[in-house]
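Geometric and topological summary
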There are 2 protein chains.
Amino acid sequence: MAKLIEPRTLPGFRDFLPEDMAVRKKVITTLTGVFEKFGFQPLENPTLEYQDILLGKSGTEAEKLMYLFSDPGGRDVGMRYELTVSTARVLAQYPQLPKPFKRYQIQPVWRADKPQKGRYREITQCDIDIFGTTSLLADAEILAVVYEGLRALGFGQFTIRVNSREILFATMANAGISSASQQLSAIQSIDKLDKKAEDEVRNELSKKDFGAPIIDRIFENIKISKPNKNIAELLDLAEKLGVPNDFLKFDPTLSRGLDYYTGVVFETAVTQPKIGSVTGGGRYDKLIGKFTGQDMPATGTSFGIDRICDVITELNLWPDLPRTATKILVTIFSLELFDQSLKLTDQLRKKNINAEIYLDPAAKLDKQLKYADQKGIPFAAIVGPEEAAKNQVTIKNLATKQQKTVPAENLTDELR
Amino acid sequence: MAKLIEPRTLPGFRDFLPEDMAVRKKVITTLTGVFEKFGFQPLENPTLEYQDILLGKSGTEAEKLMYLFSDPGGRDVGMRYELTVSTARVLAQYPQLPKPFKRYQIQPVWRADKPQKGRYREITQCDIDIFGTTSLLADAEILAVVYEGLRALGFGQFTIRVNSREILFATMANAGISSASQQLSAIQSIDKLDKKAEDEVRNELSKKDFGAPIIDRIFENIKISKPNKNIAELLDLAEKLGVPNDFLKFDPTLSRGLDYYTGVVFETAVTQPKIGSVTGGGRYDKLIGKFTGQDMPATGTSFGIDRICDVITELNLWPDLPRTATKILVTIFSLELFDQSLKLTDQLRKKNINAEIYLDPAAKLDKQLKYADQKGIPFAAIVGPEEAAKNQVTIKNLATKQQKTVPAENLTDELR
């Protein structure tokens, strides 16, 4: 290759270097552990699907953001845009899957959105859903997983806001708005109350030609709005499944894209540290049927994994997370003592200690220690002539710079 | 949507349903554990790259199999075809990465090859490589990871065959073939000796216009071929890193695409059960420089994860692997006793037992037990009126159909 190619990534696409992976792996392992504790099972789908399947539900708005193309065989294909479509296909394609089907799925999706801070084109989607039951217990399970998941990630304070589609529409009907499309339009403005002041939202409604008396009545209704029977039962079930009451909040302003959801909706904002929305979901009993031809009730939530990883890194929420899984670098003191270091490395690994040996047996010890430091390896082992003669090892803590010499057979215990 | 869409996957693309995922997750977790034990760190790259980066190395032959297209912004992009190209870009883009850089990477790649049994278009690639050192110790580490990885997966008998580029070319030169392209052509025929009989290979060489005396000399040379100094040292280092001698074999016929490799090459065939090649790799000191403009020595291997998962499933090599991570289904005896089951479920989860509660509180007990059986959940818990009165739980083993009633507080111990 005569001409060098500029090394670069596409806008909105990212490399995850080992240090980034440390946070991502822990977030994913932690959430996966919680999902499995609640009986959810993993599912993975192909990156590419036939275009008719991808476009079936999403319609023209999403189409603009999709990665659609012809494959080398001339088929019209596209990259996964969201996880729900492929799962709907799976439910239609494998009717033998036992119902209710509780699955978790953590895979990238691709959306050619305008890239900006925190918004990517390759997005790690993390969904849990329960298909095949209208039981409120299923919705409550989703809330319990949200609670356990965010706690397991170390978030101290957050609020799971809960509402239901019926309450929102009743609010608007009671305020005097009769047409469904007008109700939806008003709801979309009200949904902004978690980010905008009441005055701003009143202004927006006014611009949408809602009269002052109607707007007043909307806000009066919201203020006296109470959980209906469904919401009350949901909150009760969630508590019985382990969600403390003060983490749950009925919020009559929460709507979340109503064209999709058919029942309860929920969204979680982390308040301490103040990082905003990290999960959102609800019940959508009509969506799967559009694919399968048979109604299939469904409820679920997404976890915003990319955002969670970004804030953990930016706010240094996990200061004790090692940058590497490697526990110790075994240095090579000299070519004469090379075999001693090889033997020690093999012994450590046989005891399940993550151990790296420095790969250049002729390198100076300083260079070797600097390498361990750069990689964030917490300990280094040194086997010099004195240590070798006494079957000892010097272990150096690279953070504190302290070192001590111990019998070789004690090294594993020292590291644990 | 008036017209229903036929639910189907593209040829060569697969869904991984929960049961498939059980095997895949265990394979990946097992190998990842071994990689980290040897000090390798995770890396992930984007699915899409600029076409100039993808095409830089692979040339026209591979181009036909690539998924290339224009993204919604009109950029010429393509889907990852192999992991090495993106890693080479990473090495050029982030020069601050400490060297040697030891990374593992497990991500899909896409190749529009003719699909057939065991050959997919979405392939899970699993690579470990060490960049930035010419040390034979690095090559030996790769062999040690291959050994440990395959052992950890439960393979009893396999042979890591080792050869070196120098030996192969010397063999051909000694046989009287002087031109490099002729040597390469002869080597490509000799590489087939692990699948074809000597007579067939002799025939092929003869058809390539090599004379009978040259062909005789090639086979004589191969039969007396001995490990050179490099290979002898490599085998010695690998043994010191824990690879038993009888798992290593010098094989003067092994070549593996010589245009890519520059030094030692290795390949592993599992012999018991007889499933053939599952890993392959070698040293390639010239490849990264083609991207970065600076030579960067490299050595590594691939693990054929798709093939490994397929044979584990087909040959039922892991008969004891649970089909689900869920340990127990908590049934609901009646609506009156619903709260007892909720409480038990919450208690089990708080003790880190993976527990599912049946989601329809009105379903018959038989239906609930059948569901557990279908999903492969090993145990079911029943809290009927008698159990509730005595604070007991009946635990049923769904494989043996045996059941016993124990104090509720003992349930966790019973499950462990």
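This structure is a prediction, so every number in the text was calculated from the model and none was measured. (Residues numbered from 1 in each chain as written. Chains lettered and ligands numbered in written order. Predicted model: local features only at pLDDT ≥ 70, side-chain atom pairs only at ≥ 80, totals over all residues. Heavy atoms only, no water.)

**Focus: the overall build of chain A**
Each helix and strand in chain A was counted, giving 15 helices and 16 strands. For chain A, the C-alpha radius of gyration of 28 Å lies well beyond 22 Å, the compact-globule estimate for 416 residues. The principal-axis extent of the C-alpha atoms belonging to chain A is close to 90 × 55 × 45 Å. Scored against the burial criterion, the 416 residues of chain A give a buried share of 57%. Contacts in chain A between residues far apart in sequence, at least 24 positions, make up 66% of those at least 6 positions apart. Of the roughly 17600 Å² that chain A leaves accessible, carbon and sulfur atoms contribute 49%. Each charge class in chain A was averaged separately, 56 positive and 55 negative side chains, and the resulting centres sit 1 Å apart. (Helix = DSSP H or I, 4+ residues; strand = E, 2+ residues; numbered from the N terminus. Rg over C-alpha atoms; globule rule 2.2 N^0.38 Å. Buried < 20%, exposed > 50% of the residue type's maximum accessible area, 1.4 Å probe, protein only. Contact = heavy atoms within 4.5 Å. Areas by Shrake-Rupley, 256 points an atom, 1.4 Å probe, with all protein chains shown as cover. Lys, Arg positive; Asp, Glu negative; His and termini not counted. Charge placed at Lys NZ, Arg CZ, Asp CG, Glu CD.)

**Thoughts on the interface of chain B and chain A**
The interface is formed by 98 residues belonging to chain B together with 98 residues belonging to chain A. Across the chain B/chain A interface, buried area totals approximately 8700 Å², and carbon plus sulfur atoms make up 62% of it. The interface formed by chain B and chain A includes 10 salt bridges. Across the pair D15 of chain A and R89 of chain B runs a salt bridge, and its minimum N-O distance is 2.8 Å. Our count for the chain B to chain A interface comes out at 36 residue pairs in polar contact (both at pLDDT 80 or more). The residue inventory of the side of chain B that touches chain A, partitioned by class, reads 51 nonpolar, 18 polar and 29 charged. (Buried area = accessible area lost by both parts, 1.4 Å probe. Salt bridge = Lys/Arg side-chain N within 4 Å of Asp/Glu carboxyl O. Polar contact = N/O pair within 3.5 Å; in protein donor to acceptor, adjacent residues only side chain to side chain. Nonpolar A, V, L, I, M, F, W, Y, C, P; charged D, E, K, R; others polar.)

**A few points about the confidence of the model for chain A**
For chain A, mean pLDDT is 93; residues scoring 70 or higher make up 98% of the total. Scoring of the predicted complex yields 0.95 for pTM and 0.94 for ipTM. (pLDDT = per-residue confidence, 0-100.)

**Topic: the pattern of salt bridges**
One pass over the structure, following the stated rule, counts 67 salt bridges over all chains. Across the pair K240 of chain A and D339 of chain B runs a salt bridge, and its minimum N-O distance is 3.0 Å. Highlighted residues: K240 of chain A in helix 9 (residues 229–240) and D339 of chain B in helix 12 (residues 338–350), drawn from two different chains. Look at K240 of chain A and you get partly exposed, because its relative accessible area is 29%. Take D339 of chain B: its relative accessible area is 38%, and that puts it in the partly exposed class.

**Thoughts on the sheet that holds strand 13 (residues 355–357) of chain A**
Residue and element names in this part refer to chain A. Spatial strand order, 13-12-14-15-16: 5 strands in an open sheet with mixed pairing. Each having just a single partner strand, strand 13 and strand 16 (403–407) make up the two edges of the open sheet. Averaged over all adjacent pairs, the angle separating strand axes in this sheet is 30°, with direction ignored. As defined by bridge partners, strand 12 (residues 328–330) adjoins strand 13 across 3 bridges and the pair is classed as parallel. From the neighbouring strand, L329 faces strand 13, where its bridge partner is E356. (Pairing = 2+ DSSP bridges. Axes fitted to C-alpha atoms, helices over the stretch in contact; angles between N-to-C directions.)

**A word on the state of the cysteines**
Residue and element names in this part refer to chain A. Scanning the model with the defined rule gives 0 disulfides over all chains in all. Just so you know, C126 is unpaired, no disulfide at all, and the nearest cysteine sulfur is the one on C309, 9.9 Å from it. By relative accessible area, C126 is classed as buried at 0%. We classify C309 as buried; its relative accessible area is 4%. (Disulfide = S-S within 2.5 Å.)

**Things to note about the sheet that holds strand 15 (residues 392–397) of chain B**
Residue and element names in this part refer to chain B. Spatially, 5 strands are ordered 13-12-14-15-16 in an open sheet, and the strand pairing comes out mixed. Two strands bound the open sheet, and with one partner strand each, they are strand 13 (355–357) and strand 16 (403–407). Each neighbouring strand pair of the sheet contributes to a mean axis angle of 30°, computed without reference to strand direction. Along the sheet, helix 12 makes contact with strand 12 (328–330), strand 13, strand 14 (379–382) and strand 15, crossing strand 13 at roughly 160°.

**Some remarks on the environment of R121 of chain B**
Tracing the chain through its elements places R121 of chain B in the loop between strand 5 (101–110) and strand 6 (122–131). We classify R121 of chain B as buried; its relative accessible area is 9%.

**Quick notes on the relation of the copies chain B and chain A**
The operation relating chain B to chain A is a screw motion whose rotation component is 180°, with 0.0 Å of axial translation and a residual RMSD of 0.1 Å. Such a combination of rotation and displacement between the chain copies is what one expects of a two-fold axis. The C-alpha atom lying nearest the rotation axis in chain B is that of F69 of chain B; the distance is 3.1 Å. Take the interface residues of chain B: 100% of them recur as interface residues in chain A, which is what a same-surface contact looks like. (Least-squares fit on C-alpha atoms with pLDDT ≥ 70 in both.)

**Some thoughts on the packing of aromatic side chains**
Aromatic ring pairs are defined here through the distance separating the ring centres and the angle between the ring planes. Going through the model one piece at a time under the given rule, you end up with 18 aromatic pairs over all chains. Residues F35 of chain A and Y104 of chain A carry aromatic rings whose centres are separated by 5.5 Å and whose planes lie at 45° to one another, so their mutual orientation is tilted. Of this pair, F35 of chain A sits in helix 1 (residues 18–37) while Y104 of chain A is found in strand 5 (residues 101–110), placing the two residues 69 residues apart along the sequence. When its relative accessible area of 0% is taken as the criterion, F35 of chain A is described as buried. On the basis of relative accessible area, Y104 of chain A is assigned to the buried category, the value being 4%. Centre to centre, the rings of F69 of chain A and F69 of chain B are 3.7 Å apart; their planes meet at 0°, and the pair counts as stacked. Of this pair, F69 of chain A sits in strand 3 (residues 68–70) while F69 of chain B is found in strand 3 (residues 68–70), placing the two residues in two different chains. Just as F69 of chain A is buried, F69 of chain B falls in that class too. Grouped by ring-pair contacts, the aromatic residues F35, Y104 and F303 of chain A constitute a single cluster. (Phe/Tyr/Trp six-rings, centres within 6.5 Å; stacked < 30°, edge-to-face > 60°.)

**Let's talk about the packing of helix 4 (residues 136–152) of chain B against helix 9 (residues 229–240) of chain B**
Residues and elements named next belong to chain B. The contact between helix 4 and helix 9 brings their axes to 8 Å, and the two run at 55°. Here helix 9 runs oblique to helix 4, going by the angle between their axes. Helix 9 is crossed by helix 4, and the crossing has right-handed handedness. Contact residues: helix 4 offers L136, L137, D139, A140 and L143, while helix 9 offers N230, E233, L234, L237 and A238. The residue makeup of the contact of helix 4 with helix 9, split by class, is 7 nonpolar, 1 polar and 2 charged. (Parallel < 35°, antiparallel > 145°, perpendicular 65-115°, else oblique. Left-handed = near helix turned anticlockwise from the far one by under 90°.)

**A few points about the domain arrangement of chain A**
In terms of domains, chain A is made up of domain 1 (18–315) and domain 2 (328–415). The C-alpha-based centres of domain 1 of chain A and domain 2 of chain A are spaced at 50 Å. (Domains from an automatic or database assignment.)

**Quick look at the environment of G33 of chain B**
All names here are of chain B. Looking at the element boundaries, G33 is found in helix 1 (residues 18–37). Its relative accessible area of 37% is what places G33 among the partly exposed residues. Sequence spacing of G33 and G149 is 116 residues, and the spatial spacing of their C-alpha atoms is 8.7 Å.

**Here we look at the environment of A388 of chain B**
Tracing the sequence through the fold places A388 of chain B in helix 14 (residues 385–390). A388 of chain B has contacts with L337, Q340 and V383 of chain B, leaving out every residue within four places of it along the chain.

**Considering the side chain of D71 of chain A**
Structurally, the position occupied by D71 of chain A is in the loop between strand 3 and strand 4 (76–79). At 2.8 Å, the side chain of D71 of chain A and the backbone nitrogen of G73 of chain A are in polar contact. Apart from the residues within four sequence positions on either side, D71 of chain A is in contact with V77 of chain A together with Y67 and R121 of chain B.

**Some points on the pairing of strand 6 of chain B**
All names here are of chain B. Where burial is concerned, most of strand 6 is hidden: 10 out of the 10 residues are buried. A two-sided burial pattern is seen for strand 6, the buried positions comprising E122, T124, C126, I128 and I130 on one face and I123, Q125, D127, D129 and F131 on the other. The pairing of strand 6 with strand 11 (residues 298–303) spans 6 bridges and is antiparallel. Of the residues in strand 11, the one forming a bridge with D129 is G300.

**Side note on unusual backbone geometry**
Residue and element names in this part refer to chain B. Residue P100 follows K99 across a cis peptide bond; omega there is -5°. Considering the arrangement of structural elements, one finds P100 in the loop between helix 3 (83–93) and strand 5. Note that the residue after Q272, namely P273, is joined by a cis bond; omega there is -5°. One non-glycine residue, K401, adopts positive backbone phi at about 65°. Judged by its relative accessible area of 48%, K401 is partly exposed.

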